[in-house]
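# A look at the structure
Below, each chain spelled out in residue letters.
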Amino acid sequence: MSMDIFDRLKAAATQQWRRYVDHDFVRQMGEGTLSEAAFRTYLVQDYLFLIQFARAWALAAYKSRRPDDIRAAQAGLAAILDETELHVRLCARWGLTQADIEAAPEHQATVAYTRYVLDCGAAGDLLELHVALAPCVIGYAEIGRTLAEQIGDLSNHPYREWIGEYAGEGYQGVAAAARKHLDELAARSMTEQRFAELVGIFGQASSLEADFWQMGLDGVA
């Protein structure tokens, strides 16, 4: 069975991908040993991150010339807005309101990653933008599913809501649709010569994802 474009990108950027999905933050979350302070730092920044990613999906709609591509961008934007509700709900556990979260300053890791994605979209075409988005959109689904499979019973796990959200049928469907759309875009406009450039974008985005996890850990070091 031939690999789709997402599998090809992962295989070509293995080091960056593994650093992202096997990061200590992810491992500690799965083990239930991640400190609440680290998770809270991450969660607040991830909310701010999602605001910028919503802009990236809106940019994807602008860069689209086909109704199906615009619908895909609309679905991605809706999924992002749903994610922000999870963050607000979780932050409320620590007495943080939505206004508190939105007033928090963006961390350097947040700025670096989100502006990189937006720049890929502004300077490149729709395929480049979706390649830059893929580690987050599709990667979170893989991480959530893997953690859920490893843990099994999530009922007493301290991070059950986060893991359950990304391992759940709803988000898994969002990621599957994004993956299918990425493959369709690649079939339209990707050449083998261009593949190396896309690997560079994918690898950089994956590295910035790893830096984002590290930001959570460093925030309580």
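Residues numbered from 1 in each chain as written. Predicted model: local features only at pLDDT ≥ 70, side-chain atom pairs only at ≥ 80, totals over all residues. Heavy atoms only, no water.

## Details of the pattern of salt bridges
Working definition: two side chains of opposite charge can pair if their charged atoms are close together. Under the counting rule described, the total for this entry stands at 16 salt bridges. Put simply, R179 and D7 hold a salt bridge, and the shortest N to O gap is 2.9 Å. With R179 in helix α10 (residues 169-189) and D7 in helix α1 (residues 5-12), this residue pair connects regions lying 172 residues apart in the sequence. The partly exposed category is assigned to D7, whose relative accessible area is 25%. Of the charged contacts, one joins D69 and R188 as a salt bridge, the two residues approaching to 2.8 Å between their closest N and O atoms. Separated by 119 residues along the polypeptide, D69 in helix α5 (residues 67-91) and R188 in helix α10 bring together distant segments of the chain. Assessed through its relative accessible area of 3%, D69 is described here as buried. By relative accessible area, R188 is classed as partly exposed at 37%. Salt bridges sharing partners connect three or more residues here, namely D4, D7, K10, E142 and R179. (Salt bridge = Lys/Arg side-chain N within 4 Å of Asp/Glu carboxyl O. Helix = DSSP H or I, 4+ residues; strand = E, 2+ residues; numbered from the N terminus. Buried < 20%, exposed > 50% of the residue type's maximum accessible area, 1.4 Å probe, protein only.)

## What about the packing of helix α4 (residues 36-63) against helix α7 (residues 108-123)?
Interaxial distance between α4 and α7 falls to 10 Å at its minimum, and their mutual angle equals 0°. Our classification of the angle between α4 and α7 gives roughly parallel. Touching Q45, L48, F49, Q52, F53, R55, A56, L59 and K63 of α4 are T110, Y113, T114, R115, V117, L118, G121 and A122, all from α7. Tallied by class, the residues present in the contact of α4 with α7 amount to 9 nonpolar, 5 polar and 3 charged. (Axes fitted to C-alpha atoms, helices over the stretch in contact; angles between N-to-C directions. Parallel < 35°, antiparallel > 145°, perpendicular 65-115°, else oblique. Contact = heavy atoms within 4.5 Å. Nonpolar A, V, L, I, M, F, W, Y, C, P; charged D, E, K, R; others polar.)

## Here's the deal with the packing of aromatic side chains
The relation between two aromatic rings is expressed through the spacing of the ring centres and the mutual angle of the planes. This structure, assessed with the given rule, holds 22 aromatic pairs. Seen from their ring centres, F39 and Y159 are 4.6 Å apart, and the 50° between their planes marks the pair as tilted. Of this pair, F39 sits in helix α4 while Y159 sits in the loop between α8 (126-151) and α9 (160-167), placing them 120 residues apart in sequence. With a centroid separation of 6.4 Å and 70° between ring planes, the pair formed by Y42 and W162 is classed as edge-to-face. With Y42 in helix α4 and W162 in helix α9, the pair connects residues that are 120 residues apart, well separated along the chain. For the pair shown, Y42 and W162 are each scored as buried. Against the face of F195 rests R8, its NZ or CZ located 4.1 Å from the ring centre. (Phe/Tyr/Trp six-rings, centres within 6.5 Å; stacked < 30°, edge-to-face > 60°. Lys NZ or Arg CZ within 6 Å of the ring centre and 35° of its normal.)

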